[in-house]
Amino acid sequence: MIVTTKKLFEAAYGKYAIGAYNINNLEQCMGLFRGNLQSQAPFIIQISKGARSYTDKEMLEGIIRSADKVFPEAIFAVHLDHGDEETALDCINSGFYSSVMIDASHEPFEENIAITKRVVDAAHAKGIVVEAELGQLGGVEEHVQVDEADAKLTDPDQAKEFVERTGCDSLACAIGTSHGAFKFSGTQGLRFDVLSEIQQRLPGFPLVMHGSSSVPQEEVQRINAAGGKLLGAKGVDADQFRRAAELGVTKINIDTDGRLVWTRVHREFFRDHPENFDLRPPGKVFMAEYANFIAAKNEKLGSAGQLEEVRKLLG
Ligand code: G3H
Ligand code: 13P
Ligand code: ZN
């Protein structure tokens, strides 16, 4: 069942976070649904602009619609990840998405507000919820001065003003993470001090953490042992998810870790079966491994086992 994130966030706030997983194809979609049902978790499917054009947006939407029929017990939101205004409006008008992200975080504050407000007005008119972003995610080198690094993080006072003026439904905050497999070059980590300041100014308001892959070292080593070359890859400690959830983070975005599962499975499969040229055997291994990966992630997020509670809340 496709729902907006509103009820999901109401159920989760202060207790656990909902996993938001990016998908691009059929195998990821199957693994995603299986993993979430295996762990009895509500979830968010994220579709990026790149995923929409990988084949054709209709193809990906069709796969998700089919999954909704194949797995009628599943409760999930369909969310546009990092949308620009044009893409966000396209998704709002498509009638398929229950949630969109407008990411104008690269724009100056006033422009970010103006763009976000236009998207919020269009979305709310159709009962669709909006995630916006304030602050700049990005890898911070250890030698960068603290002031310079802090300037990119979300300013707690601005966050309050931004939410009040745009009417957005959730806010992605920059609290030290970055996208991809190379998040930290040294001892940096999540900035709980900044997150706590934001929560104090926006009590009860759902916050979102992007760039939250953990980049498990065992996964990286297996990829490298099978011919990969991922050197110095490092991610967010998944044991910190619950603390972030207690501070108002209700949605945690994970894409890179899923790509690592794909890479490890396929590299190892063809290394171990050099005579094989059939796409289905590694595809089957991937779907099972991806499902296990999602279920394990949901345990860390605390969303595992919450499906029936959310179903009750939805009435
Ligand atoms: O934050 C970005 C997501 O990981 C999506 O990546 O734009 O390559 O699909 P993508
Ligand atoms: P990762 O690259 O850490 O998986 O982050 C994904 C993300 O934030 C998608 O919006
Ligand atoms: Zn992101």
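Quick note: structure is the one above.
Since the model is a prediction, treat every value here as computed from it, not as a measurement. In every chain, residue numbers begin from 1 and rise along the written sequence. For this description, chains carry letters from A and ligands carry numbers from 1, given in the order in which they are written. Whole-chain, interface and lining totals are the exception, using all residues; otherwise, since this is a predicted model, local features are given only for residues with pLDDT of at least 70 and side-chain atom pairs are given and counted only at 80 or more. Each side-chain value is derived from all of the structure's non-hydrogen atoms; neither hydrogens nor water enter the calculation.

J.: In this structure, what is going on with the overall build of the protein? I would like to understand it.
T.: Each helix and strand counted, the protein has 14 helices and 8 strands in total. Atoms counted for the radius of gyration: C-alpha only. Globule rule: 2.2 Å times residue count to the power 0.38. Against the 2.2 N^0.38 benchmark of 20 Å for 315 residues, the protein shows a C-alpha radius of gyration of 19 Å, consistent with a compact globule. Its C-alpha atoms give the protein principal-axis dimensions of about 60 × 50 × 35 Å. Classification of residues uses two cut-offs on accessible area relative to the type maximum, computed with a 1.4 Å probe and protein chains only: under 20% is buried, over 50% is exposed, and between them is partly exposed. For the protein, the residues scored as buried account for 53% of the 315 residues in total. We call two residues contacting when some pair of their heavy atoms lies within 4.5 Å. Here the contacts in the protein between residues at least 6 apart in sequence split such that 79% fall between residues at least 24 apart. Counting only carbon and sulfur atoms, one obtains 52% of the accessible surface of the protein, whose full area is about 13,900 Å². For the purpose of counting charges, residues Lys and Arg are taken to be positive, whereas Asp and Glu are taken to be negative. His and the chain ends are not included. For the purpose of locating charges, the reference atoms are NZ of Lys, CZ of Arg, CG of Asp and CD of Glu. With 34 positive and 46 negative side-chain charges, the protein shows a spacing of 4 Å between the two charge centroids. For helices the rule is a DSSP run of H or I covering at least 4 residues; for strands it is a run of E covering at least 2, with both sets numbered from the N terminus onward. Method for areas: the Shrake-Rupley scheme with a 1.4 Å probe, in which residue coverage is limited to the protein chains shown.

J.: Explain the site of ligand 2 to me, please; I cannot follow it from the model alone.
T.: Taken together, 15 residues form the shell around ligand 2, and within it Asp 81, Lys 183, Ser 213, Asp 255 and Thr 256 come nearest. In protein, a polar contact requires one atom able to donate a hydrogen and another able to accept it; more generally it is a pair of N or O atoms within 3.5 Å, and residues adjacent in sequence count only if both atoms are side-chain atoms. Residue Gly 211 places a main-chain N or O atom 2.8 Å away from an oxygen atom belonging to ligand 2. The contact in question runs from an oxygen atom of ligand 2 to an N or O atom on the side chain of Thr 256, over 2.6 Å. Protein coverage of the free-state accessible area of ligand 2, which is 310 Å², stands at 96%. Both site types are read off a 1 Å grid over the protein atoms alone. A 1.4 Å probe that fits but cannot get out defines a cavity, while an open set with protein on both sides within 12 Å along at least five of seven lines defines a pocket; lining residues have an atom within 4 Å of a point. Just a note on the criterion: a molecule sits in a pocket or cavity if more than half of its atoms are within 2 Å of the grid points. Most atoms of ligand 2, that is more than half of them, are within 2 Å of grid points of the largest pocket. At the level of elements, β3 (76-83) and β8 (249-254) are the ones that each hand at least two residues to the shell around ligand 2. All residues other than Ala, Val, Leu, Ile, Met, Phe, Trp, Tyr, Cys, Pro, Asp, Glu, Lys and Arg, Gly among them, are scored as polar; the first ten of these are nonpolar and the last four charged. A per-class count over the shell around ligand 2 returns 1 nonpolar, 11 polar and 3 charged. We call a residue near a molecule or strand as soon as one heavy atom of that residue lies within 4 Å of the molecule or strand.

J.: What is the right way to look at the sheet that holds strand β4 (residues 99-102) in this model?
T.: Pairing between the strands of a sheet comes from backbone hydrogen bonds, and it takes one of two forms, parallel or antiparallel. If you walk around this closed barrel you meet the 8 strands as β1-β2-β3-β4-β5-β6-β7-β8, and the pairing is parallel. Strand-to-strand twist across the sheet, computed as the mean angle between neighbouring axes with direction ignored, equals 25°. Strand pairing follows a simple DSSP-based rule, namely that at least 2 bridges must link the two strands. As defined by bridge partners, strand β7 (residues 207-209) adjoins β8 across 3 bridges and the pair is classed as parallel. When the sheet's bridge partners are listed, Met 209 is paired in β8 with Ile 252. Angles run from 0 to 180 degrees between N-to-C directions of axes, and those axes are lines fitted to C-alpha atoms, restricted for helices to the stretch in contact. Packing against the sheet, helix α13 (residues 280-301) makes contact with β1 (18-22) and β8, and its axis sits at approximately 145° to β1.

J.: Would you mind showing me how to read the packing of aromatic side chains here?
T.: For any pair of aromatic rings, geometry is given as the distance between the ring centres together with the angle between the planes. Two aromatic rings from Phe, Tyr or Trp, using only the six-membered ring of Trp, form a pair when their centres are within 6.5 Å; if the ring planes differ by under 30 degrees the pair is stacked, by over 60 it is edge-to-face, and anything between is tilted. Scanning the model with the defined rule gives 9 aromatic pairs in all. Aromatic side chains Phe 33 and Phe 43 sit 5.2 Å apart centroid to centroid with 90° between the ring planes, which places their arrangement in the edge-to-face category. Taken together, the residues Phe 33 in helix α2 (residues 26-38) and Phe 43 in strand β2 (residues 43-48) connect sequence positions 10 residues apart. On the accessibility criterion, Phe 43 (0% relative accessible area) is buried. Members of the aromatic cluster, connected to one another through ring pairs, are Phe 33, Phe 43, Phe 71 and Phe 76. Here Arg 243 stacks its cationic end above the ring of Phe 192, 4.0 Å away from the centre of that ring. Our definition puts a charge over a ring when NZ of Lys or CZ of Arg is within 6 Å of the ring centre and also within 35 degrees of the ring normal.

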